[in-house]
Amino acid sequence: MKVAKFGGTSLASAHQIRKVCHIITGDPERKIIVVSAPGKRFKEDIKVTDLLIALASKFLKDGQVKEELNDVVVRYREIAEGLELPEHIVYVIEEDLKKRLAQDTTNQKKFMDSLKASGEDNCAKLVAEYLRTMGYEAHYINPREAGLLVSNEYSNGQVLPESYERLKKLKNYSGILIFPGFFGYTIDGDLVTFPRGGSDITGSILAAAVKADLYENFTDVDSVFSVNPNIVENPKEIKKLTYTEMRELSYAGFSVFHDEALVPAFQAKIPVCIKNTNNPNAPGTLIVAERETTDQPVSGIACDVGFCSINISKYLMNREVGFGRKLLQILEDEGLSYEHTPSGIDNISVVLREFDKETEKRIVERIQAELKVDDIYIQHDLALVMIVGEGMRRSVGITARAAKALANVNVNLEMINQGSSEVSIMFGIKANDADKAVIALYEEFFKNQ
Ligand code: ASP
C-alpha cells in the first residue's frame, strides 16, 4: 500500500485536481491520500492558506470579513465548477467557514488554527466528492475521528506517539481515503495545525502508522535538485538520497519537503519518493535509509538566510566549568533554540535564527551580568550555506575545496562547522554573499568534477 500526498500547486485548480485524481486511480495501491489546501495557480497568486490567514486576522481585528470570506469561497467555487460538481459542495464549504468564524475568539491562536486548517479540510471533502463522481468509492477522513493526536502548541503541533496505534486502523477501511493534511487534534479535542508546509508531516505520519510500502510526495518539480534552481540554472537532479541527507538539506533551505516530515517515515523505515504531479512518469527522488556510494561526494548544496550569532569572549573561558551550560540556559529561559555553537579556547559563538530586539537586549544584559564576559556582540544578517553528502565521510579535502571556491569569489567565512557525522559542513557567511557562495560551490562540486 502507498500513501500519497499532494501539495498545494497540485490542487490549485480543477485542471490540477483532475490530474491528481488520474494519478490516484492509476494505481490501486494508492489508498491513503493526503491533500494540502489549494495553492498558487501562477506566481503572483495567493495560496488558500494565506487567504485564510488574512480572513482570520481581519475577523479578529474588526469582525468585517465579507470580502475576505468571498475570496476563499470563490477559489472553491471555481474548482467545484471546473470539476462539474453539484453546487451543494460549495454551500457545505461556505457553511463550514461561517461556523468556524462563529467560534469563540478568546484564544486567538486557537481560532487562527481552526481557520487555517479549513483549507485542507475542505479540499479533502472536494477531492473525495470528485472521485465519487468518477465512480470510485472514496471517503473524506476526519483527523479527529481517525485519531491523529497532536501536542497543544498552536501552529506548531507535534504528533503524539499514541496516534500511530490509532491511525493503524485506516489500513482496514475500504475505498480511497482522502485525509486532510496540516492538522490534528489535542487530547482535549482542540484543533492544532503543524508548522507551515505541514501536510508533508501528515503524510509521513500516516505512512508510518499503516506501514506503507512507499510514501509518495507529489509536488511540482521532477525531483529534488542538488541546488536551488532559482539560483543555478538547470541544476543536477538527485535520484537517491538518504534520510539524513534530505533532513540536512531541507533544514537548510530546500523547500521541496518539510524538514520535520521525515521523522515518522525514517523511524518506521518507509521509503519516500518525491514526484511531480505534472510529470508523474518521471522517476522522482527516492529517499531511503542507505544508498550505494557514487564518486560524487556532495549530494546537494543548501542555503538559508535569517541567522544571527551571539559572539562571546572571556579570558580563561576553557577553564570555567559550566560556562556553556549557563549560557545556553539563558537562551532556554527565553524559549530560543540554537543551531550551532562553534568555539575557540576563550570564545564561543551561538548561531540561531534572528529574534526580536527586546529579547536581544535582555539576553545581552544577562550574559554580561551573570557570566561576566569580556566582550559580547551580536552579528546579524548571516546566511548558513551547507554542503551535504554521505560521500563526504570517505573523502579527504572537501572542506579545502569548498573554502577555496568561496575564497575565489571573495566570500569571507565567518565560521565553519562540521558535525561528527561528517555528512554536512556548514559555512556561516554574510547574507548578501549567499547566492554568490552557492553558485561557487555548485561550480566546484558539480561542474568541475
Ligand atoms: N497549506 C499549508 C501551508 O500552506 C500546509 C501545506 O500546504 O503543507 O502551509
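Refer to the structure printed above.
On a predicted model such as this, the values are computed, not experimentally measured, just so you know.

Teacher, can you tell me more about the overall build of the chain here?
Per the secondary structure count, the chain includes 14 helices and 17 strands. Its C-alpha atoms give the chain a radius of gyration of 24 Å, within 12% of the compact-globule value 22 Å for 449 residues. Each principal axis of the C-alpha distribution contributes one length, and for the chain these read about 75 × 55 × 40 Å. Counting across all 449 residues of the chain, residues that qualify as buried make up 53%. Put simply, of all contacts in the chain between residues at least 6 apart along the chain, 74% involve residues at least 24 apart. A total accessible area of about 20,500 Å² is found for the chain, and carbon and sulfur atoms account for 49% of it. In the chain, which carries 54 positive and 65 negative side-chain charges, the distance between the mean positions of the two groups comes to 2 Å.

For this particular structure, what's the right way to read the pairing of strand β2 (residues 30-35)?
In summary, the side chains of a regular strand alternate between the two faces of the sheet. Within β2, six of the six residues are buried, which leaves the element mostly enclosed by the surrounding structure. Where strand β1 (residues 2-6) and β2 come together, five bridges link them in parallel fashion. Across the sheet, F6 pairs through a bridge with V35, a residue of β2. Regarding topology, helix α1 (residues 14-25) serves as the crossover connection from β1 to the parallel β2, and that connection is right-handed. Bridge count between β2 and strand β4 (residues 176-180): four bridges; the pairing is parallel. Counterpart to I32 in the pairing with β4 is L177.

Sorry if this is basic, but what is going on with the sheet that holds β4 here?
Within a sheet, each strand pairs with its neighbour through backbone hydrogen bonds, oriented either parallel or antiparallel. Pairing is mixed in the open sheet, where eight strands are placed in the order β3-β4-β2-β1-β7-β11-β12-β10. Taken across any chain shown, the strands that pair with only one partner, and hence form the sheet edges, are β3 (138-140) and β10 (240-242). Mean inter-strand twist for the sheet, computed between neighbouring axes without regard to direction, equals 20°. Sheet contacts for helix α9 (residues 243-251): β10, β11 (272-276) and β12 (285-288); angle to β10, the most-contacted strand, approximately 85°.

Can you walk me through the site of the ligand in this structure?
Lining the immediate environment of the ligand, one finds S36, K47, T49, E120, F182, R196, G197, G198 and S199. Measuring from an oxygen atom of the ligand, one finds a side-chain N or O atom of R196 at 2.7 Å. A distance of 2.7 Å separates an oxygen atom of the ligand from a polar backbone atom of G197. For the ligand, the accessible surface in isolation is 260 Å², of which the surrounding protein chains cover 95%. In this structure the site holding the ligand corresponds to the largest pocket.

I tried to follow the layout of surface pockets on my own but got confused; where do I start?
Gaps left between atoms are located by rolling a probe of water-molecule size over the structure's atoms. Approximately 1,300 Å³ is the volume attributed to the largest pocket. The set of elements that each furnish at least two residues to the lining of the largest pocket consists of α8 (199-209), β7 (214-219), β8 (224-225) and β13 (300-313). A per-class count over the lining of the largest pocket returns 18 nonpolar, 18 polar and ten charged. Residue lining of the second largest pocket: 17 residues in total, with Y251, D259, S337, E339 and R353 positioned closest to the centre. Broken down by secondary-structure element, the contributors of at least two residues to the lining of the second largest pocket are α9 and β14 (347-353). Here the lining of the second largest pocket gets three residues from one element, more than from any other, and that element is α9. Class assignment for the residues of the lining of the second largest pocket results in six nonpolar, four polar and seven charged.

Would you explain α8 in this entry?
Three or four residues apart is the spacing at which side chains of an α-helix point the same way, because the helix has 3.6 residues per turn. In terms of burial, α8 is largely enclosed, as eleven of its eleven residues are buried. Every buried residue of α8 is listed here: S199, D200, I201, T202, G203, S204, I205, L206, A207, A208 and A209. Just downstream of α8, K211 is the residue with a positive phi angle, here 50°.

Help me out: how do you make sense of the packing of aromatic side chains in this one?
A ring pair, where both rings are aromatic, is described by two values, the distance of the centres and the angle of the planes. Enumeration over the complete set of coordinates arrives at six aromatic pairs. Look at Y215 and F257: their rings are 6.3 Å apart centre to centre, the planes differ by 55°, and that puts the pair in the tilted class. Taken together, the residues Y215 in strand β7 and F257 in the loop between α9 and α10 (262-268) connect sequence positions 42 residues apart. Using a relative accessible area of 0% as the deciding quantity, one classes Y215 as buried. A residue is classified by how much of its surface remains accessible, and F257, at 1% relative accessible area, is buried. Directly above the aromatic system of Y140 lies the positively charged group of K125, at a separation of 5.7 Å from the ring centroid.

Mind showing me how you'd approach the pairing of strand β15 (residues 375-388) here?
Extensive coverage of β15 is indicated by the burial of ten of its 14 residues. The pairing of β15 with strand β17 (residues 424-430) spans seven bridges and is antiparallel. Bridging across to β17, M386 finds its partner in M426.

Conventions we followed
Residues numbered from 1 in each chain as written. Predicted model: local features only at pLDDT ≥ 70, side-chain atom pairs only at ≥ 80, totals over all residues. Heavy atoms only, no water. Helix = DSSP H or I, 4+ residues; strand = E, 2+ residues; numbered from the N terminus. Rg over C-alpha atoms; globule rule 2.2 N^0.38 Å. Buried < 20%, exposed > 50% of the residue type's maximum accessible area, 1.4 Å probe, protein only. Contact = heavy atoms within 4.5 Å. Areas by Shrake-Rupley, 256 points an atom, 1.4 Å probe, with all protein chains shown as cover. Lys, Arg positive; Asp, Glu negative; His and termini not counted. Charge placed at Lys NZ, Arg CZ, Asp CG, Glu CD. Pairing = 2+ DSSP bridges. Right-handed = clockwise from strand over helix to strand, strands pointing away. Axes fitted to C-alpha atoms, helices over the stretch in contact; angles between N-to-C directions. Near = heavy atom within 4 Å. Polar contact = N/O pair within 3.5 Å; in protein donor to acceptor, adjacent residues only side chain to side chain. 1 Å grid on protein atoms, 1.4 Å probe; cavity = no way out; pocket = protein on both sides within 12 Å on 5 of 7 lines; lining within 4 Å. Sits in = over half its atoms within 2 Å of the grid points. Points joined across faces, edges and corners; volume = space filled by probe spheres on them. Nonpolar A, V, L, I, M, F, W, Y, C, P; charged D, E, K, R; others polar. Phe/Tyr/Trp six-rings, centres within 6.5 Å; stacked < 30°, edge-to-face > 60°. Lys NZ or Arg CZ within 6 Å of the ring centre and 35° of its normal.

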